[in-house]
Amino acid sequence: MNAKLRFRSLALAFTLLFAGSAFAQVQISGTVTDADTGDALPGANVVVEGTMLGNATNQDGKYTISGVANGTHTVTITFIGYTPVSKVVTVRSSNVTLDFAVEFANQALEQLEVFASRAVDRKTPVAFTNVDKVQVQRELGSRDAPMILNTTPSVYATAQGGGAGDARVNVRGFNQRNVAIMLNGVPVNDMENGWVYWSNWDGVGDATSSVQLQRGLSAVNLATPSIGGTMNIITDPSANTRQVLAKQEFGNDGFLKSTVSLSTGLIDGKYAFTVSGVRKTGDGYYDGTWTDAWAYYAAAAWNINSKQRLDFYAVGAPQRHGQNLYRQNIAAYDHEYATEVMKEDGLSATDIAGVLAKFPEAGRRWNETASPVSSSYGEFANNGFGSVDRARDNILNERENFFHKPQINLNHYYQINDKSLLSTVVYYSGGKGGGTGTAGSMVWDYSGPSRRVDYDATIARNQANGASRGILRNSHNVQWTVGAISKFKYELNENVTIETGVDWRTAEIEHYYSVRDLLGGSSYVRSDNDFNGSENLQPGDKFNYFNTNTVDWFGAFLQGEYTKDKLTAYGMAGYSMVKYGFTDQFRNDGGKPFFAESDNIGGYQVKGGASYATNDNMSFYANAGVVSKTPIFDGAIDDVSGVVNPDPQNEQFIAVEAGATFRSTDRSLAGKINVYNTVWNDRTITQFVQELNGDDGLINISGLNALHKGFEAELAYQPIDLVRADVAVSLGNWTYTDDVSAKYTPDVSDPTTQNTVNLYLKDIKVGDAPQTQFAYSLTFFPIDGVYAKVTGRSYSNYYADFDPVSRTDSGDRNQSWEIPAYNVFDLNVGYDIPRDMLKLSRFDIRLFANVFNVFDSFYVQDATDNSRFNAYSANGVNHGADDAEVHLGLPRAFNFGTRITFR
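What comes next is a walk through the structure. (Residues numbered from 1 in each chain as written. Predicted model: local features only at pLDDT ≥ 70, side-chain atom pairs only at ≥ 80, totals over all residues. Heavy atoms only, no water.)

Some remarks on the overall build of the chain
And then number 1: Secondary structure summary: the chain contains nine helices and 55 strands in total.
And then number 2: Taken against the 2.2 N^0.38 rule, which gives 29 Å for 903 residues, the C-alpha radius of gyration of the chain at 29 Å falls within 12% of a compact globule.
And then number 3: In terms of principal-axis extent, the alpha carbons of the chain reach across some 95 × 65 × 60 Å.
And then number 4: Residues counted as buried form 56% of the 903 residues belonging to the chain. (Helix = DSSP H or I, 4+ residues; strand = E, 2+ residues; numbered from the N terminus. Rg over C-alpha atoms; globule rule 2.2 N^0.38 Å. Buried < 20%, exposed > 50% of the residue type's maximum accessible area, 1.4 Å probe, protein only.)

This is the structure:
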């Protein structure tokens, strides 16, 4: 549970040459721990100098070196990020115990963590959880990165439709738009809408040093959307030792993943380089959810002198994958399960029969966006940047995602003097790609539970017609972002530290459709471009819309921290402003493309907190803050029409949190508990109006407020070396607090005319994540090098997602559909083969396997209330299983492989 161990300790270990006497039988054993925390350091290397003898510490920091000859020896411990320690020991006829306590010393990782505003255990007054490198490697199993957080309080992550990279994460009832995702301290949320597309970061899991989730407003001093929390991913710095790593993974449904990583080690005490490459393919569980991906990671370091250091990071994942975006009526997947759920909801036998008749069972693998096509149709598609082959011979995907968005960081650290540190990162992120869909008139197949494209019929019709009536199109996102973050920290005295910084970002994003596949036709006729008139389009040509959006961001902050004895307190204030621009390249506005821009929109945050350690084993903390969050792009400018909101409104957040951490004297038991209360006022709602002069208008509807409050706890208990138990508890109560009754003037030229908007939301539960969550696990270490972990998760009090603007019926005070409670279990096992068994002192070999949803449970993981497309009655009031649309949880899945490291 200790933060310093969890995000600093589990880096790749140094390995030196070992030598020894073949005849000696005496052994040296002991434990290696962090000198500051006392926590064990697994993976540290212990060698007997001048011999071929040595070993690495196990998960509990213990080591044993056998065959040591009698005499006096020097034993040295080395571990990346820690200062090497040597001890002299005299060995005679009996075994010797020799323990080490080592000091943390990895400047690169430490500076990066400070720059990224990482929370420190028993000091930083926020609720947070660390996931270390070992846990990521053992439990992620090549899933999307946020899935590793499902055992932390108030976090709910799902794979949604099962497409690679299509995951989502929700923290304390807030979706990804209100959760800051940071990579090495740099925000990666989309600059326009705040969303995160995990397929862009497919290679991050293999390069992750640690993940820290700070829940609530967090201690991050940048103006990020950290309302639900902040997920801060720290990647491996360039390794200080030479090594080659190879990993091969296999999984269900044709999954294959190969990883290779090479590190030069520190060269001349100044330079170090690490590069990694990943290749991933698979068919996916759901029909058409194949994946075809590459990923790469590079890190380099230059110790310029004793005061300055440069670090370089680059990560990217060029990929394409089939998607399963559309949720279905529950009956589409399995009639037996649907019947069981609808009976629990109290539906009559007549209604249940009606649902089953309307939605024929298609099976658990059903995906309406993957349709069969004759293998004789061999046309190549065009993704807008050139020709691409079809991913599968016998299907076409209506919805496919393809993207490559590299991120490159250059970090500079300058220790000006003993009291001053200047940290700066300059970064670039540029990507191109998009998703696919249909355009025009398609021939639809209605034989299944939901319609899907009949490609053979559509192709035949287009061929007979000449020009295509219906096509596959690309929806493009072509973007670049450049930015810089600079922070200056100054120790005013031994108790007070002040820090100030600036955050500048600018981005340009192009959005447009292009022709992907004419589906047998000769061209596609459109008249979208005012400058060109009617056009006979060919694959790759733009149509429908072509907009260029710009985002200009600037922020600054000032923070102070006071530390004395057992007390730590901090306070910070920050201000940010954003400006949006919109250009419609297809709309002729006086001979040039239409352009609109917003004014500068300002926001602020003020927050602070304090922690107090009553003794070595107990500490308490509290924090509070106020955030005025600027609107996303379409809250300021409609991203279709270009209409500018004349008075864009900020969303307001007020948060209070308090908690405690504790551990037993022998450190076998540790825990954290906390309570939180977050008020969300004036959630952004905009509505189109038409002014009397015929112009379009965009107005704000204020007063949509919600309250998110709850209790969280984490507990870890390891009474003996062989077993450890972990529990996480989340008890939330997230509700809308008020009805909305807003008057607005649709036309400023006629102030006497007013319209009213009424939304009936008071006491309605916030949907989209379970409000009651339990996670529990047992980890076994039966022998050295072996681990086995069983994890269970239980979810309840889970309400389907819904659009608050849809609640316009004063007689409808029902909650959205309550999703059935469910339990799911995972298994992670592995074996680090002892080096002495292999007789290969320079190799580390790990065998591993993961099984997710061990008992193949049937459950609903995502749901939307009162579907517009897949409802039975669609009366807008029922709020039952018959009218919801869902994604089921993925069935039993497995992943296994081996990792070999040569040092």
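Things to note about the pairing of strand 31 (residues 470-491)
And then number 1: Two elements, strand 28 (residues 420-440) and strand 31, share 21 bridges in a ladder whose sense is antiparallel. Each residue of the ladder has a partner; that of Thr436, found in strand 31, is Asn474.
And then number 2: Pairing between strand 31 and strand 32 (residues 496-517): 20 bridges, direction antiparallel. Bridging across to strand 32, Val482 finds its partner in Thr506.
And then number 3: In sequence, strand 31 turns back onto strand 32 through a hairpin of four residues. (Pairing = 2+ DSSP bridges.)

Structural notes on the packing of aromatic side chains
And then number 1: Counted by the stated rule, this structure contains 24 aromatic pairs.
And then number 2: Relative to Tyr490, the ring of Phe488 has its centre 6.5 Å away and its plane inclined at 10°; by these criteria the two rings are stacked.
And then number 3: We classify Tyr490 as partly exposed; its relative accessible area is 27%.
And then number 4: Pairing Tyr524 with Phe543 gives two aromatic rings, centres 5.6 Å apart and planes at 80°, and the pair type is edge-to-face. Remark: Phe543 occurs in strand 35 (residues 542-564) and Tyr524 occurs in strand 33 (residues 524-526); sequence separation between them is 19 residues.
And then number 5: Residue class for Tyr524 comes out buried when judged on its relative accessible area of 4%.
And then number 6: One aromatic cluster is present, formed by Tyr156, Tyr795, Tyr798, Tyr822 and Tyr859 through successive ring pairs. (Phe/Tyr/Trp six-rings, centres within 6.5 Å; stacked < 30°, edge-to-face > 60°.)

Remarks on the nonpolar core
And then number 1: Within the largest apolar cluster, 50 residues are counted, with the highest numbers of intra-cluster contacts made by Tyr736, Trp817, Val860 and Val886.
And then number 2: The greatest single-element share of this core, amounting to four residues, is contributed by helix 5 (residues 335-344).
And then number 3: By size, the runner-up hydrophobic cluster in this structure holds 29 residues, among which are Met147, Val155, Val211 and Ala299. (Core = buried A, V, L, I, M, F, W, Y, C linked by side-chain atoms within 4.5 Å.)

Quick notes on helix 5
And then number 1: By the burial criterion, the buried members of helix 5 are His335, Tyr337, Ala338, Thr339, Val341 and Met342.
And then number 2: The residue sitting at the N-terminus of helix 5 and contributing the capping side-chain oxygen is Asp334; that oxygen lies 3.1 Å from the backbone nitrogen of Glu336.
And then number 3: Directly after helix 5, the chain includes Gly346, whose backbone phi takes a positive value near 85°. (Polar contact = N/O pair within 3.5 Å; in protein donor to acceptor, adjacent residues only side chain to side chain.)

Digging into the sheet that holds strand 12 (residues 179-183)
And then number 1: The strand order 9-14-15-12-13 describes an open sheet built from five strands, whose pairing is mixed. Either end of the sheet is taken by a strand with one partner, and the two such strands are strand 9 (127-132) and strand 13 (186-187).
And then number 2: Here strand 12 pairs with strand 15 (residues 229-235) via five bridges, running parallel. For Met182, the partnering residue across the bridge sits in strand 15 and is Asn232.

As for the environment of Ile234
And then number 1: Within the secondary structure layout, Ile234 lies in strand 15.
And then number 2: For Ile234, a relative accessible area of 0% corresponds to the buried category.

Quick notes on the pairing of strand 48 (residues 770-780)
And then number 1: Looking at chain direction, strand 45 (residues 723-736) and strand 48 are connected through nine bridges and run antiparallel. Bridging across to strand 48, Asp726 finds its partner in Ser777.
And then number 2: Sheet topology note: the strand 48/strand 49 (residues 786-799) ladder contains ten bridges and is antiparallel. Across the sheet, residue Thr772 finds its bridge partner in strand 49, namely Ser796.
And then number 3: Counting the residues between successive antiparallel strands, the hairpin from strand 48 to strand 49 contains five residues, one of them, Gly785, with a positive phi of roughly 90°.

Thoughts on a negative patch on the surface
And then number 1: Residues Glu336, Glu340, Glu344, Asp345, Glu361 and Glu818 make up a contiguous surface patch of negative charge.
And then number 2: Counting residues per element, the negative patch draws most heavily on helix 5, at three residues.
And then number 3: Note on Glu361: relative accessible area 46%, which makes it partly exposed. (Patch = residues over 30% accessible without salt bridge, like charges linked within 9 Å, V, L, I, M, F, W, Y side chains within 5 Å. Areas by Shrake-Rupley, 256 points an atom, 1.4 Å probe, with all protein chains shown as cover. Salt bridge = Lys/Arg side-chain N within 4 Å of Asp/Glu carboxyl O. Lys, Arg positive; Asp, Glu negative; His and termini not counted. Charge placed at Lys NZ, Arg CZ, Asp CG, Glu CD.)

Section: the pattern of salt bridges
And then number 1: Applying the stated criterion to the full structure yields 28 salt bridges.
And then number 2: Of the charged contacts, one joins Arg320 and Glu400 as a salt bridge, the two residues approaching to 2.8 Å between their closest N and O atoms. Separated by 80 residues along the polypeptide, Arg320 in strand 21 (residues 319-322) and Glu400 in strand 26 (residues 400-404) bring together distant segments of the chain. You'll find Arg320 and Glu400 in the same group, each marked buried.
And then number 3: Of the charged contacts, one joins Arg724 and Asp726 as a salt bridge, the two residues approaching to 2.9 Å between their closest N and O atoms.
And then number 4: One connected set of salt bridges, linked through shared partners, spans Arg172, Arg215, Glu657 and Glu712.

Some words on a nonpolar patch on the surface
And then number 1: On the surface, Val502, Trp504, Phe554, Tyr575, Met577, Tyr604, Val606, Val626 and Ile654 cluster together to form a nonpolar patch covering roughly 770 Å² of accessible area.
And then number 2: Elements that contribute at least two residues to the nonpolar patch include exactly strand 32, strand 36 (567-588) and strand 38 (601-615).
And then number 3: You can see Val502 is positioned in strand 32.

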